[in-house]
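Tertiary structure, described
Listed here are the chains, written in short residue letters.
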2 protein chains.
Amino acid sequence: MAVKKESLKKPALAAVKKPAAKPAAKSVAKPAAKPAAKSAAKSVAKPAAKSVAKPAANKQWVFLFNDEKGVAKAAVSWSATRELLGGKGAGLFDMTRKGVPVPPGFTLSTEVCDEFVRAGNKIPKDAWEQALKAVAAVEKSTGKVFGGGKKGKTPLLISVRSGARESMPGMMETVLNVGLNDKTVEEIAAISNNPRFAYDSYRRLLMMFGATVLGIDDEKFDEPMDHIKHEKGVKLDTELTTEDLQQLVAIFKSVIKAETGRDFPQDVYQQIQECAMAVFRSATGHKAKTYAKQMGWKNTLPTAVNVCTMVFGNMGENSATGVAFTRDPSTGEKTMLGEYLINAQGEDVVAGIRTPNPIAALAKDMPKAYKQFMTVTGMLEKKYQNMQDVEFTVEDGTLWMLQTRNGKRTAKAAIKIAVDMAKEKLISKEEAVTRVSPADVDFLLHPQFDGDQYMNAKVEGRLLTSGVNASPGAAVGMLAFDADLAEAWHAEGKAVILLRPETKPDDVHGMVASKGILTARGGATSHAAVVARQFGIPAVCGADSLQIDMAARTVVSNGHMLRQGDWVSVDGARGEAIVGQVTMVTPKFEEQADLVTLLGWADEISAQKTRQDTAGKPARGLQVWANADYPKDAERARQFGAQGIGLCRTEHMFFEEVRLPIVQRMILAKEDATRDAALNELLPFQREDFAGLFKAMTGLPVIIRLIDPPLHEFLPAQDDLIKETTQLQTKRRYEALNDSERAELSHKEELLVAVSQMHEQNPMMGLRGIRLGIMLPGLIQMQVRAIFEAACDVKKEGFEPIPEVMIPLTGHVNELLKVQPVLEQVAKAVMTEKGVTVKYKFGTMIEIPRAAVTASEIAKVAQFFSFGTNDLTQMTFGYSRDDAERGFLLKYVEDGILPKNPFQTLDQDGVGRLMQSAINDGRASRPSLEVGICGEHGGDPDSIDFCYRAGNNYVSCSPFRVPIARLAAAHAALKHGKK
Amino acid sequence: MAVKKESLKKPALAAVKKPAAKPAAKSVAKPAAKPAAKSAAKSVAKPAAKSVAKPAANKQWVFLFNDEKGVAKAAVSWSATRELLGGKGAGLFDMTRKGVPVPPGFTLSTEVCDEFVRAGNKIPKDAWEQALKAVAAVEKSTGKVFGGGKKGKTPLLISVRSGARESMPGMMETVLNVGLNDKTVEEIAAISNNPRFAYDSYRRLLMMFGATVLGIDDEKFDEPMDHIKHEKGVKLDTELTTEDLQQLVAIFKSVIKAETGRDFPQDVYQQIQECAMAVFRSATGHKAKTYAKQMGWKNTLPTAVNVCTMVFGNMGENSATGVAFTRDPSTGEKTMLGEYLINAQGEDVVAGIRTPNPIAALAKDMPKAYKQFMTVTGMLEKKYQNMQDVEFTVEDGTLWMLQTRNGKRTAKAAIKIAVDMAKEKLISKEEAVTRVSPADVDFLLHPQFDGDQYMNAKVEGRLLTSGVNASPGAAVGMLAFDADLAEAWHAEGKAVILLRPETKPDDVHGMVASKGILTARGGATSHAAVVARQFGIPAVCGADSLQIDMAARTVVSNGHMLRQGDWVSVDGARGEAIVGQVTMVTPKFEEQADLVTLLGWADEISAQKTRQDTAGKPARGLQVWANADYPKDAERARQFGAQGIGLCRTEHMFFEEVRLPIVQRMILAKEDATRDAALNELLPFQREDFAGLFKAMTGLPVIIRLIDPPLHEFLPAQDDLIKETTQLQTKRRYEALNDSERAELSHKEELLVAVSQMHEQNPMMGLRGIRLGIMLPGLIQMQVRAIFEAACDVKKEGFEPIPEVMIPLTGHVNELLKVQPVLEQVAKAVMTEKGVTVKYKFGTMIEIPRAAVTASEIAKVAQFFSFGTNDLTQMTFGYSRDDAERGFLLKYVEDGILPKNPFQTLDQDGVGRLMQSAINDGRASRPSLEVGICGEHGGDPDSIDFCYRAGNNYVSCSPFRVPIARLAAAHAALKHGKK
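Report on the accompanying structure. (Residues numbered from 1 in each chain as written. Chains lettered and ligands numbered in written order. Predicted model: local features only at pLDDT ≥ 70, side-chain atom pairs only at ≥ 80, totals over all residues. Heavy atoms only, no water.)

Our next topic: the relation of the copies chain B and chain A. When chain B is fitted onto chain A, the two copies agree to an RMSD of 0.3 Å after a turn of 179° and an axial shift of 0.1 Å. The two molecules are tied by a two-fold rotation axis, judged by turn and shift. Most of the interface of chain B is mirrored in chain A: 100% of its interface residues are interface residues there too. (Least-squares fit on C-alpha atoms with pLDDT ≥ 70 in both. Contact = heavy atoms within 4.5 Å.)

Next up, the structure:
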């Protein structure tokens, strides 16, 4: 059952044809509604007393879709309107105002929801009174009667739907056909002359009311229905007869009585009230909380309640219902993408019982409605300056728009649409840049399948299935048949493909834990597709060849039989799944023209916007640099738009196979001469590495960090040595060791002594960084010599090297005072030897809290600061990252003790405060101080926003995140910068 | 040779008898000096031009001892006078002003020294001109002629001595008999009719000038002298004849020529100038730098140069020379303690050639001089309100005071003198408290020898030697025969007793590295005694039974023969040394009446002085609390005056033998039930511990910290387990294990799995403190239950428990929000169960930098902050203390990268800034916030001073340091507090 699904559930009601059929949009909806709105407004505008204690007495809680004045008074801007009425309500209001045909209705504002929660789940009395007046207004404008009972007048049926400010897939609470009861069902049966339809609508109301309002398990309704179908030998709901449906209505009523101890309310006003309360309760319910957490929101959002006259697309061959996107939400192409069904309910489109037609076919089927639809949607796209996701129903040839909203889209589409709309002058470049999220860019740089491998796999017959290309991207993982397992496997570090017949809101925790999603049912607008696109998870939906056996946990398709845990590769763009693992490749950045264009605009914006940096001088932009240890990384970073290297880790070079033995000799040297000899051997290697970097980054700054890790990292692990020596020692007691074993033991015993001497309780806080430089000055002097020899050499070749030497782990200015002058001497000596001068700087990492606290003193010596936010986070929190991330930190984030993992998103309240004061103090000492960050946070948009505000000159991140950071920097400039 | 010694070196000069013999103190010294002073002042008061560029032109650089006006103009206060003239110069000036008989002379001020250094070791021209005028003034007032050559007039001889603001033992540069040359020596020989004396004085001048001014090694002079003595078959210098001395003069002149390539200057003014320059150079020399470092001063002190007319105690039986303390510097008793020798030079007193007489004997020997001496010293003690250390010479019946200064004293004497003087109303209680240093109190609480053991050792014949009880205290260590070895052994962690024939300034580095000092020569005023007292090192001096063989490194005494490295026990109070190790005991605090009195005054002062705390409210005093884990520690702390327990470490209780297996069961539990059962077993133990604490501290707050260390600390070490399991596993390959081995292996393999799972890269930053409390809530809930059950129980018994529950390692306010309410629930539940209410608080350690940075948020939840300055220092510096203190930190302190070990003295610039802002922010959130520290810094006086200024309510330290902290807190109150 999919009764909770948000879209397209409007059962037909032939009897309401007349008044609803004459909307002529502007004339009917508006004037008829106006007086009602006014009277509602007026009545609440007369408070019982001018008491200050009752300020809410003259508050407007309820807004008719056409209540322009009321909304204008309550909400000064479009965003305020969305906040007041929710996204759905604002869309209905706005469409009505624009003359778009919308069935009459009204919205209980989000403020009602806030007050509802505050008052302990009670609708404010005023609000309810206003709602009743609004119902009367709708009765007036439709000519129908709510609750029926008036001869010759059709009973008014309405839908009640939730609508928060932000659309939350899977969070929509919907009850249709409200207004039906034992009496009105008969009236409608009589007036429509279609009793089957009336009872079908009634049983749907009972189901939806039972599930959504009363919280009864879907199964309690599914079971008797399945039972009847089985009894009658039919498969589809539509095959049930009036009598069957009447029987079901009776059963459903008894289910409600049995489960809740009370009868289904025959009072239609009580129906509305209970529906509204259910919607308001859902705003702070478990699902809402889970969703808010997934989205990283602090609180759940309040929701509005939209009450709308029912219209029906299943009133015959001249009726239809459908959904559409004004541009392709998958590619961004400027072509309308949609589906519709003739003589159908919206639900049918989703349920996949009949195959929907592409929207273009409507031009032939219903030319007039199609033309009107194209005009209306074109107007809506212009009006909202964005791709729209619309729902519509054609009732007996008349078009009704039931929803419009900015359409969800893939990352690729988001970028293309933004760039296209800017080129179409529909939006500005700034707006285009704002439209695209860093996550979109991130996604586009995700690996895709290797084309050849993929084709080969298909040639080999490994295609498992094909379906709707619901969310693009490639994913490889192990099949999990339910969401809980997907989540559990993800927690164990496994790559998971979630396989489901279809997905429900309850599955979201497993969906976000999966690399990819595969469903047997549902199309591009199904729950699975919408959620997958939103979270950037590759998905193939409606792959109907999949025969899933949930009990056996097997799936059969295309001649393959797979079990839970088997590997599958999912291509969300192609809409295909392959048996086994297909290799992935990274798409070429430079070939993604729209992205390159957009990031060019981003850089322009970054450079144009001025910000007040902390020293009081305006600075331009926040540059994006990259962390790169090797020339090839630097080249890639430069392609991706990096404006410098913010961190080159020299020690990575020490681990290379040829070099490690030399490094070990240097470490284990007992005499200076041995050590110096080893250092001299390392010098040419380092010089070569640096020369490559300088060439790749010619004309741009390259920050090279002197050796940072503790030396024992270059030696075998103590645990292993203990084990290996003990083994040999014990063996020796029983049999003579051979020559090679004796030599091994002797070597390992020696190593163990050295390693044990170097062993530290807490190496993170031990002998590393500048501390090592002070204990072994020859090592860093060699490095500085290599840097400047390389720089001089490449300058002679015509390049423009800009080395910046970075001293790690400074905690006290005296450390710098001890080391930096000596290193500058080396630099100057090399330049004199080579007869070349290069521009250079000496600076320090700020990664020790004490360095941040004493930044004022340190900036007197250091020419630049680079915040090592990884270590600074470790020390400021007192977390050992390696230990914490596999230990308590997970629980901390899960329990909300920490809002986010501080190693992913900078902790602005703690670490950020230290950084801010360090920047302020540092610039006070040295106004020209260059400030950046080089931790992993450099690629995190929230952290980049902080760095912009804090006055950084640049952020440095991994080359792959440079494009994301460029966009995030532009966003920060747009948000905080000044012209 | 002891020519560099600061005291008592005034060779007699019979010929200067006349004018110097008629001082009649007031009349001679003053009036005669005045005109000279005026003329000197006047002459420099006429600058060559009124040029602004030459401000120094009218500056007074030189001050006659009687230049009251000049000094008054240049120095507004007594401390400014000391700063200007140095301690010695100020004393001479002051005594002269008070009418004390002082030989005429003058002082080149410390400003000359500063300018000398600034100008690159040049005496300012003006200063030298003023010095020449001062010489003329002295000639006038003494009637003698500098450089001689005037018939009937005695050549003026003078001494030149250094004198910095603070007395620096071993740092005194002295040249006596300046004014002698080949011509004046003959004049004096003739006038005094004592050629032997004249040549003895001349050879002394040559030696001192050679060593002090020209930097020639003492040995170059000692050798020829020893050679002559050997040739002549004499032992003492005094046995040498005039001819011998004339021969020595010739030899010494040739030594000077050979060593320096130039002749000894015959120009007497050049002699003064070179002496003065030598003194000024010494102020920034190696010795001065070493001393400054030992004292913890940032810079060396400038020194003044004192030029004083020579007087002589060896002019016959009516002459004498001596030294004295106005009260006993060892015990503080109010009795004059001194020594003198008739017809002797000061040097003789030190050299130990003749046994000096106790000062009381002077009453019989020279009743008139004695009476005058007692009057003068009594007056000086009153005037300086302090025990005086004086030097005097009686020249032909006339008393001359050559020096007065506040006497060095033992810790015991310092306290007794301060308390006595306050009782005598000579000084205020505040002054008495100021006079005693925290180190004095520390010293008095040092262990002493166990009385019985000590007597037994003597009965057994283990007395090695007895000598002068030069510096009290007990010490046990291994004999080291030279200072370098003592230093090296100390660095290795060995306890050292430094054994020397006598000590010299070059030995100081070894002396301060030793637990005790033992010398064969020298008395209570010897270099060894003075240094030992100053640094609080137990010392026995002048133990002349010691026969030291420096080459063999053996010492023979009292029938024992000891070698380097043998154990010796030194009792500085008894003046004895014992062979072997004698057990030490701690003196009872409450039996030290003077100390108890003084600390009572300290507490009064602390409580009276108001300080502006950071929340703007005046607070009274800085309380001293103690860290105590067990009732017996708490009792001791209370005896020592602790006003609360600032830290009870609950986990220490877990290590006890009976409990550890239960703790391990709790840790290894795989099911909650097993864990809960173990926790229930631990509860009664913890309750009992806490009950004892609450009883001991009834009426005072007791802060109990919930479990802090990582759990693997309670399990065997991973390394050991790897080794042991590998041994057994390897053995199993060769022979069958027996049952117990199999069981052991299986148990250890299981343990190893558990320990490896818990293993952390950096346990300091791992799963401990509140993190553990969040992961294992049952554990801390058990602890809180035990705390409150104990509190309720003892309250029922009539005690007044005040528990304060402290949550360790908080880094984020959300941690507290998660844990604290639950724990308060437990507390309330227990109180309800027991039907008892106790006053309590919940608070947190601030030991994570982030906690300090976000103190404002944390104080909204925590009712108190306790700075864990050990961990806060670790994290703020990024130092793992265990690793750092045996690694780079030593080098950092040695090289001056860190001024002090930040784990001993709080790093005010870094850690302190974090603390200060945390206190400010915390109080802004919660004005009533209780703030203290509980790291080791709580017992460090400098850190206590900081805590006072930062606005702490208390410091908590180990019970033994409570008395020290009480005094330090009073010092801080006196320094920074307001009435």
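Having seen the structure, we can now continue with the description.
The strands making up a sheet are joined through hydrogen bonds of the backbone, oriented either antiparallel or parallel. Reading across the sheet, the 5 strands line up as β10-β9-β8-β11-β12 (chain B) and stay open at both edges, with antiparallel pairing between neighbours. One side of each edge strand has no neighbouring strand; the edge strands of this open sheet are β10 (357–358) and β12 (398–406) of chain B. (Pairing = 2+ DSSP bridges. Helix = DSSP H or I, 4+ residues; strand = E, 2+ residues; numbered from the N terminus.)

Helices that pack against each other are described as a pair by the angle of their axes relative to one another and the distance between those axes. All names here are of chain A. Two elements in contact, helix α24 (residues 631–639) and helix α26 (residues 672–696), have axes whose closest approach is 8 Å; the angle formed by their N-to-C orientations is 15°. The angle between α24 and α26 falls in the class roughly parallel. Two packed elements cross with a definite hand, and for α24 against α26 that hand is right-handed. Within the contact between the two elements, α24 uses P631, A634, E635 and R638 and α26 uses D689, G692, L693 and A696. Its residues assigned to classes, the contact of α24 with α26 comprises 4 nonpolar, 1 polar and 3 charged. (Axes fitted to C-alpha atoms, helices over the stretch in contact; angles between N-to-C directions. Parallel < 35°, antiparallel > 145°, perpendicular 65-115°, else oblique. Left-handed = near helix turned anticlockwise from the far one by under 90°. Nonpolar A, V, L, I, M, F, W, Y, C, P; charged D, E, K, R; others polar.)

Next up on the list: the pattern of salt bridges. Residue and element names in this part refer to chain A. Within the structure shown, the criterion is met by 109 salt bridges over all chains. Across the salt bridge formed by R405 and D389, the nearest N and O atoms sit 3.0 Å from each other. Taken as a pair, R405 in strand β12 (residues 398–406) and D389 in strand β11 (residues 388–395) lie far apart in primary sequence, 16 residues in all. Overall, the relative accessible area of 9% leaves D389 in the buried class. Between K748 and E744 there is a salt bridge, with the nearest N and O atoms lying 2.9 Å from each other. In this pair, K748 and E744 both sit in helix α28 (residues 739–758), 4 residues apart, roughly one turn of the helix. Here E744 falls in the partly exposed class, since its relative accessible area comes to 33%. (Salt bridge = Lys/Arg side-chain N within 4 Å of Asp/Glu carboxyl O. Buried < 20%, exposed > 50% of the residue type's maximum accessible area, 1.4 Å probe, protein only.)

A contiguous patch of negative charge on the surface is contributed by D217, E219, E223 and D226 of chain A. Residue class for D226 of chain A comes out partly exposed when judged on its relative accessible area of 45%. (Patch = residues over 30% accessible without salt bridge, like charges linked within 9 Å, V, L, I, M, F, W, Y side chains within 5 Å. Areas by Shrake-Rupley, 256 points an atom, 1.4 Å probe, with all protein chains shown as cover. Lys, Arg positive; Asp, Glu negative; His and termini not counted. Charge placed at Lys NZ, Arg CZ, Asp CG, Glu CD.)

All names here are of chain B. As summarised here, the arrangement of the 8 strands in space is β28-β29-β30-β31-β32-β33-β34-β35, forming a closed barrel in which the pairing is parallel. The mean inter-strand angle of the sheet, taken between neighbouring strand axes irrespective of direction, is 25°. Pairing between strand β31 (residues 802–807) and strand β32 (residues 841–846): 4 bridges, direction parallel. Note on β32: the bridge partner recorded for M806 is G843. The sheet contacts of helix α26 (residues 672–696) involve β29 (645–649), β30 (701–705) and β31, and relative to β30 the element is tilted by about 155°.

Counting residues at the interface gives 58 residues for chain B and 58 residues for chain A. Looking only at chain B, the three residues that lose the most surface to chain A are Y734, M765 and R850 of chain B, adding up to 13% of its buried area. Put simply, chain B and chain A have 6 salt bridges between them. A salt bridge links R913 of chain A to E857 of chain B; its shortest N-O distance comes to 2.5 Å. There are 30 residue pairs in polar contact (both at pLDDT 80 or more) connecting chain B and chain A. If you list the elements that add at least two residues to the side of chain B that touches chain A, you get α27 (718–734), α29 (770–775), α31 (813–834), α32 (849–853), α34 (869–877), α35 (881–885), α36 (888–894) and α37 (908–925) of chain B. In terms of residue count, the dominant contributor to the side of chain B that touches chain A is α27 of chain B (10 residues). (Buried area = accessible area lost by both parts, 1.4 Å probe. Polar contact = N/O pair within 3.5 Å; in protein donor to acceptor, adjacent residues only side chain to side chain.)

All names here are of chain B. With 16 residues, helix α23 (residues 593–608) extends 23 Å from end C-alpha to end C-alpha; this agrees with the ideal 22 Å at 1.5 Å per step. Every buried residue belonging to α23 is among L595, L598, L599, W601, A602, I605 and S606, and all of these are buried. On an axial view of α23, the arc spanned by its buried residues comes to 155°, and they lie on one face. (Expected span 1.5 Å × (residues − 1). Arc of directions from axis to C-beta.)

What follows covers the state of the cysteines. In the structure shown here, the tally under the stated rule is 0 disulfides over all chains. You can see C113 of chain A has no disulfide; the closest cysteine sulfur is in C275 of chain A, sitting 15 Å from it. (Disulfide = S-S within 2.5 Å.)

Right, let's get into the packing of aromatic side chains. For the structure shown, the criterion picks out 43 aromatic pairs over all chains. Ring centres of F373 of chain A and F392 of chain A lie 4.6 Å apart, and the angle between their planes is 45°; on these two criteria the pair is classed as tilted. One end of the pair, F373 of chain A, is in helix α15 (residues 367–384); the other, F392 of chain A, is in strand β11, with 19 residues separating them in the sequence. There is no split in this pair, since F373 of chain A and F392 of chain A are both buried. Between the aromatic rings of F654 of chain B and F714 of chain B, the centroid separation amounts to 5.8 Å while the plane-to-plane angle is 55°, which identifies the pairing as tilted. In this pair, F654 of chain B is assigned in the loop between β29 and α25 (660–668) and F714 of chain B in the loop between β30 and α27, connecting sequence segments 60 residues apart. In this pair, the class of F654 of chain B matches that of F714 of chain B, namely buried. Through pairs of rings, three or more aromatic residues link up here, namely F877, Y879, F888 and Y892 of chain A. In this structure, K383 of chain A packs its charged tip against the face of W78 of chain A, placed 5.3 Å from the ring centre. (Phe/Tyr/Trp six-rings, centres within 6.5 Å; stacked < 30°, edge-to-face > 60°. Lys NZ or Arg CZ within 6 Å of the ring centre and 35° of its normal.)

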